[in-house]
Amino acid sequence: MNDIIWGTATNILSNKSFEINVTHQKEENNSIYSEKEIIEFTETDIMSIPVDENLRTIEQIEQGLKDKFIKCEISSRNDQNYLICKVSHSGAGGY
C-alpha cells in the first residue's frame with residue numbers, strides 16, 4: 001500500500017509539478033514527510049487537467065490545484081527529491 005499525504009497546493013512549478021503544504025499524513029505511512037513537499041504527479045482524476053502532460057498548461061494546473069486541498073498517493077521519490085504521486089481533490093473533511 002502506498003503512503004498518502006494531504007495538504008494545500010501552493011505554488012505551481014510546471015505542468016506536472018507543484019508545492020504542497022502537508023497538513024495530514026496517513027498513520028500507516030512508511031515514511032515521514034516534511035511540512036512542504038514538491039509533488040510530481042503522474043496521474044490525476046481532476047477533470048480540468050488533461051491526462052496527457054503534453055496537453056496541459058500551467059493555467060489548467062493552477063485552476064485545478066492551486067489553493068485546493070489535495071490528496072497525494074505516493075509511489076516514490078525521484079532524483080530531485082520530488083514525491084511521485086497520483087493526485088486528487090480531497091473532501092471537506094480532509095480524507
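The coordinates are above.
Heads up: these notes are all about the structure in this document.

Time to look at the side chain of T44. As for its placement among the helices and strands, T44 is situated in strand β3 (residues 36-44). With relative accessibility at 12%, the residue T44 sits in the buried group. A distance of 3.1 Å separates a polar side-chain atom of T44 from the backbone nitrogen of I46. At 3.1 Å, the side chain of T44 forms a polar contact with the backbone oxygen of V87. In this view, T44 contacts I49 and V87; residues no more than four positions away in its chain are not counted.

As a further point, take the environment of K66. Relative to the helices and strands, K66 is located in the loop between α1 (58-65) and β4 (69-77). By relative accessible area, K66 is classed as partly exposed at 31%. Put simply, K66 and I12 are 54 residues apart on the chain and 6.9 Å apart in space, counted from C-alpha to C-alpha. If sequence neighbours within four positions are ignored, K66 has contacts with A9, T10, I12 and I61.

The rules we used
Residues numbered from 1 in each chain as written. Predicted model: local features only at pLDDT ≥ 70, side-chain atom pairs only at ≥ 80, totals over all residues. Heavy atoms only, no water. Helix = DSSP H or I, 4+ residues; strand = E, 2+ residues; numbered from the N terminus. Buried < 20%, exposed > 50% of the residue type's maximum accessible area, 1.4 Å probe, protein only. Polar contact = N/O pair within 3.5 Å; in protein donor to acceptor, adjacent residues only side chain to side chain. Contact = heavy atoms within 4.5 Å.

The quantities given are spatial measurements derived from coordinates; they are silent on function.
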